[in-house]
Amino acid sequence: YYDPLTVLSLMYGDGPAARDNISVSDSEEKRDSIGVKRLSDARDEYTQIKPYAGMPKEVLVLYSSKARYRVPREILFWLTVCCTLALVAVTIAVIALSPKCLSWWQASPVYQIYPRSFKDSDGDGVGDLKGIKEKLDHFEYLNIKSIWISPFYRSPMKDFGYDVEDFRDIDPLFGTMKDFEELLATMHSKGLRLIMDFIPNHTSDRHRWFNLSRTRDPHYEDYYVWTDCKPDGPKPNNWVSIFGNSSWTYDEVRGQCYLHQFLKEQPDLNFRNPDVINEMIDIIHFWLDKGVDGFRMDAVKHMLEAPHMRDEPQVDPNKPPELVTTEWDLHSDYTTSQVGLHDILREFRAQMDIYSQEPGRYRFMVIESYDYEEVYKTMMYYGTKLEKEGDFPFNFYLLDLPQNTSGAWAKHLVHLWMGNMPKGKWPNWVVGNHDRTRISSSAGQLYVRAINMLLLTLPGTATTYYGEEIGMENINVTANPQRSPLQWNANMNAGFNDKTNLTWLPLHPDYETVNVEAQMKDDGSVLAQYRFLNTLRQSELPLNRGWFCYVHTDANVFSYIRELDGLKRAFLIVVNFGKESVVTDLSSVRELPDELKVLMSTNKVNDGKVFPKSRIQTEVGEGLVIQYSTNTRFNPNHPEECYISEKACYLETIGILYKCQ
């Protein structure tokens, strides 16, 4: 009998037994034939032994080479390889087929802070950067991620900060650079993004560049638009300022006139000078290096003027030239939207794209240009298929809602944008800002909730001017009625300044009832409904990236559908902008179910109400969000009534979005 180790030693020629075996003579081998037979018998007997715990590695190697152990192991190995390759292939396919994720400026409304009026931290009656930092929880409560802060550069404040004395400094009225850096760091820690005002068209007349230009410093001599004129003579041409009267002012130091399309304290920069463009790019770099997330480009259409400086054509050719004193008296053919403007803006965009290469740090660029009925000019700021410009230009057409509160007018204003927007671009909506009367005052409190519903259920990005989320109204003052301090609570100064009895503008007398704190406690308030709609928009695919389809419009009601291909859940929005209660009949819309349940009404008592689609009732100023389920999409049968920025479909079985045609 041989033990297993001896057997293995004899088999593999190792150990003393093997060495002894080598030394055995032929005669001895013959005599030991019986021993060899016993060895063979032992080997046969050994192969019948089952594996056992603690077996030596030599035994393990012997058994692992047997087919019944080797084959399953190889099968498992190749199954693992195949599964891994399949998983990689599926991952690649999902990435390739998935639509682009919404960026931060698409996923959240943009909230405009007018810093003078948001929150005063030091008791001087003027809001400041520390005050904004104190109130960042307000944005978390509203689920808002994008914050645009109006100018806080160092400034003489002739135009409330739009006359910049130093583009690289903070005005002491609002704080210090350290305050700004702390605010930005805190915002980023909370997942908030900061958009700054960028003011390229002009500077303050106290800016260092202007003082060097008026003394004809060789480098700065042509930083501004100068031309010959006499102090007591006629102006160089008939160009007028946005604020009225001639846009030319004589400078005694230089002995020439300089151009200012705004106040005389705001001389226009000369963007036909490459050094000026480079200076502004350096300023963009300065703030992006600090971590700013985007810019609102202010008044860009005024950046270039026709070099020939001929008189503008008059709107009324028969009007005496001496009576031409406002911008509305002239066709601004030579002072706005000149050839070369978009080249400059695309260069700004290219600089921002360099910084956008950092993962998760896309730098946003929105453009401001009031082009009124010339909507095609506004659309050019989107850029082209080959060259990117703004992420979007501001859409100001909904500011005109109060001119005619009706369903047909609301659709007209919406369609001005949707019908002219280049294919695949992202829309946006504005109902108020620091230059316009508050929508709650111009349209009336009756329509505030409906307008917020429109703002937050239309496709694209909504912009909310501070105070609109609680329905603040204008104050009764001659100037700046829409800039009164934000009403935080019913305490002293509405919580805007809780240190002294100072406010830079008077408070609205309704602050004891119309304030953030009170409305947070009321689930039927303007604030509560704003918050609900914003949360709904961000959580529902049809609302944040789905189809937008006109369904019904009449003198009172504007109605539309938001849906996504492949997803059964869809939303019908019905808003009554008219002057009377109405019943809307949508029985002809076969894609809608026969019964419709209200998810949310601006009139809270109607939440959860069920209407037959032939009799949907709304009161004056009431808006309804109706959620329904269907297998039939509206958009395939009505392509001329529907719009989408980037088409995507939903695969309900596994819950993913994918690109589709």
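Quantities reported herein were computed from a predicted structural model and do not represent experimental measurements. (Residues numbered from 1 in each chain as written. Predicted model: local features only at pLDDT ≥ 70, side-chain atom pairs only at ≥ 80, totals over all residues. Heavy atoms only, no water.)

Student: Is there a simple way to explain the pairing of strand E14 (residues 547-553) in this structure?
Tutor: A large share of E14 lies buried, amounting to five of its seven residues. Taken together, the six bridges between E14 and strand E15 (residues 557-563) define a ladder with antiparallel strand orientation. Residue Thr 553 lies in a different strand from E15, and its bridge partner there is Phe 558. As consecutive antiparallel partners, E14 and E15 are separated by three residues. (Buried < 20%, exposed > 50% of the residue type's maximum accessible area, 1.4 Å probe, protein only. Helix = DSSP H or I, 4+ residues; strand = E, 2+ residues; numbered from the N terminus. Pairing = 2+ DSSP bridges.)

Student: Honestly, the UniProt feature "transmembrane region" (unreviewed entry) in the protein chain in this entry has me stumped. Any pointers?
Tutor: The UniProt record marks residues 75-97 with the feature "transmembrane region" (unreviewed entry), using the residue numbering of this structure. Annotated as 100% helix and 0% strand, the span residues 75-97 places its first and last C-alpha atoms 32 Å apart. (UniProt positions renumbered as here; feature names shortened; annotations may be inferred.)

Student: Sorry, what's going on with the UniProt feature "domain: Glycosyl hydrolase family 13 catalytic" (unreviewed entry) in the protein chain here?
Tutor: The UniProt entry lists residues 112-508 under the feature "domain: Glycosyl hydrolase family 13 catalytic" (unreviewed entry), expressed in the numbering used here. Taken end to end, residues 112-508 is 24% helix and 12% strand, and its two terminal C-alpha atoms sit 19 Å from one another.

Student: Would you explain the confidence of the model for the protein chain in this entry?
Tutor: In regions of low pLDDT, the predicted coordinates are not meant to be interpreted in detail. Considering every residue of the protein chain, the mean pLDDT works out to 92; 92% of them sit at 70 or more. Predicted confidence for residues 34-39 stays below pLDDT 50, and this span has four contacts to residues more than four positions away or in other chains. (pLDDT = per-residue confidence, 0-100. Contact = heavy atoms within 4.5 Å.)

Student: What's the story with the layout of surface pockets in this structure? I'm lost.
Tutor: Unoccupied space between atoms shows up once a probe the size of one water molecule is rolled over them. Computed from the structure, the largest pocket encloses a volume of approximately 990 Å³. In this structure, the largest pocket is lined by 36 residues; those nearest its centre are Gly 424, Lys 425, Trp 426, Ser 645 and Glu 646. For the lining of the largest pocket, the element with the most residues is helix H20 (residues 541-545), which contributes three residues. Here the lining of the largest pocket gathers at least three residues from each of two domains, domain 1 (105-153 + 170-198 + 285-300 + 363-539) and domain 2 (546-659). When its volume is computed, the second largest pocket comes out at roughly 680 Å³. (1 Å grid on protein atoms, 1.4 Å probe; cavity = no way out; pocket = protein on both sides within 12 Å on 5 of 7 lines; lining within 4 Å. Points joined across faces, edges and corners; volume = space filled by probe spheres on them. Domains from an automatic or database assignment.)

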